[in-house]
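Listed below, chain by chain, are the residues.
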Amino acid sequence: MKTTIYDITEKCHGRIIVVSDIHGHGHYLKGLLKKVSFAEEDALVIVGDLIEKGGDSLATVRYCMELQRQNFHIYLSAGNVDIARVGTFLDRSEGHEKRFLDELRWTKEVWKCGFFLEILTELGIELSAVNEKNVGRIKERIAVSYAKEIAFLCDRPTMITCGNYIFVHAGIPTDRLELLEGEDGFSFLKTDVFLEQKHHFERVVVVGHWPVCLYRKDVDCMNPVFDYEHHAIAIDGGCALKIGGQLNALILPNPYTLMSEIDTTAYDDYPKMRAKTAQSAVPATICIKYFDAEVELLSTVSDIVTLRHKSSGIVFDAPKQFLYKRSDKLLCSDFINNVLEVGEGCILKEIVRTSAGSIVKRDGRMGWYFGELSEIVEEM
C-alpha cells in the first residue's frame, strides 16, 4: 500500500475526539461517545484497528458507517490489523483460497472471534464446513453481500492530519510528510515501541498500535502516554487485548490545541465499585509484560495460582484466569502484584475478583485491593 495523507483541518468546527484500537468493541466506542457528549459539530478520529480481537467487529464497522450516514464527522485511518485481514480476503493470487482459510482458522484458534468469522456466522456457515474446495465460492459470496462493509475498511488513508496534529496508527520517522507520501505505508502501521525511538517532531504525532501499558516498566497503567519533549502521544489502552484494557480518548478543543491543553478520558465496562476500607500501598515484586511472560506453575489453591517467572525466578501469586497457553508454553497475561493505595470510599474498577482479593483499576492503574467493595449503581 502506498502512503496517503488526508487533511481534515478545515472540516473541524468543534472538538476533535481521538481514539484508536477499538478492536471489535463497538460498545466501548458507544459508551465513550456518550461519556464525552459527542455532538454533530465534533469530529471523531479513529487511528486504525477497528476490527478483530473483540467479539463485535462487524457491528462496530456498521456502527461507524451509521454515524457517517447520519452526517457525523468520522474519520478512520488505516490500521495494520484492518489492512492485513481485508488484504488476505481481497487477494486473488495463486493459493489465495488456502491462505484465507488458514487465516480464518488461526483467528478462531487465537482470538475465538473476528470480522470474517462473524460474517460466516451471519451467513449461517460453520467454519468447520469451510474447506479448500468451497472457500473460493464463499469468498465471492462475502464480496457481494458485504461489499459496503469491506469498502469502508479498505478506503482509508495511511495518516490523517489536522492542524498541529498527525494521526497515524503506529508511527513515522519524520513529520516532513512530503518525504513519506507515496512510499510503502504498511511500515507506518506496524512500528512497535514507537515512543522509545525518540524521533523529534515539530507537529504532534498521535499513535495507537502499541498498548501504552507496555511503555511503563514498573507499573501497569492503561492511560495515554505524553512525550512532551518529542511531541508524541500514544493512546492504545489495550482494549480487547489486555485484562483491564480500556478505550482511551484525547479531546482536542481545536486543531491547534497545545499538548498541555489536551483533555483525556477513557471507557470500559468493568463494574464501578466503592472501597469500604482504606489500604496502604505495597510495592510490586514483579511486573509481567507479554514479551517476557513465560511462567512455571508451582501450585493452585482455589482461584489463585503460585507461579515462578521463568527469566527472573521470582515467585508470585496471581489470579488463575491470568494464565494461558501458546505454542505449548505457559504464559501469564500482563500482571503486576503491587497493592494500590486506596482511601475509604475511593472509586475503583473491579477487574478480577478472587478468594484472596480483587485486581482493581484506579485512574487507569492496576493492582490488588484486599478490602470489601460495594457496587455503585449508576442512575439511568
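So, here's what we can say about the structure.

So, how was this worked out
- Residues numbered from 1 in each chain as written.
- Predicted model: local features only at pLDDT ≥ 70, side-chain atom pairs only at ≥ 80, totals over all residues.
- Heavy atoms only, no water.
- Helix = DSSP H or I, 4+ residues; strand = E, 2+ residues; numbered from the N terminus.
- Buried < 20%, exposed > 50% of the residue type's maximum accessible area, 1.4 Å probe, protein only.
- Pairing = 2+ DSSP bridges.
- Axes fitted to C-alpha atoms, helices over the stretch in contact; angles between N-to-C directions.
- Core = buried A, V, L, I, M, F, W, Y, C linked by side-chain atoms within 4.5 Å.
- Parallel < 35°, antiparallel > 145°, perpendicular 65-115°, else oblique.
- Contact = heavy atoms within 4.5 Å.

This paragraph deals with unusual backbone geometry. Its identity is not glycine, yet S302 carries a phi of approximately 60°, on the positive side. For S302, the location among the structural elements is in the loop between β14 (295-301) and β15 (304-309). On the basis of relative accessible area, S302 is assigned to the exposed category, the value being 55%. Unlike most non-glycine residues, S327 shows phi in positive territory, near 55°.

On to the sheet that holds strand β16 (residues 315-319), then. The antiparallel open sheet is built from three strands, whose spatial order is β14-β15-β16. Of all the strands in the sheet, just β14 and β16 have a single pairing partner and so form its edges. Taken over all neighbouring pairs, the strand axes of this sheet differ in orientation by 30° on average, direction set aside. As paired elements, β15 and β16 share five bridges and run antiparallel to each other. When the bridges of β16 are listed, L307 appears paired with F316.

If you look at the biggest cluster of nonpolar residues, it comprises 46 residues, and the most contacted ones within it are L44, L50 and I142. It is helix α5 (residues 115-123) that provides the largest number of residues to this core, a total of six residues. One finds I166, F188, A234 and V352 within the second-largest nonpolar core, a separate group that totals 41 residues.

Two numbers describe how helix α4 (residues 96-110) lies on α5: the axes approach to 9 Å, and their chain directions differ by 95°. One finds that α4 runs roughly perpendicular with respect to α5. The residues of α5 that touch α4, namely those facing F100, L104, T107 and K108, are F116, L117 and L120.

This paragraph deals with the sheet that holds strand β10 (residues 247-252). Here we have five strands laid out as an open sheet, ordered β4-β3-β2-β10-β11, and mixed in their pairing. In this open sheet, the two strands that pair with only one neighbour each are β4 (73-76) and β11 (263-267). This sheet shows a mean twist of 20° between the axes of neighbouring strands, independent of strand direction. As defined by bridge partners, strand β2 (residues 16-19) adjoins β10 across three bridges and the pair is classed as antiparallel. Note on β10: the bridge partner recorded for I16 is L252.

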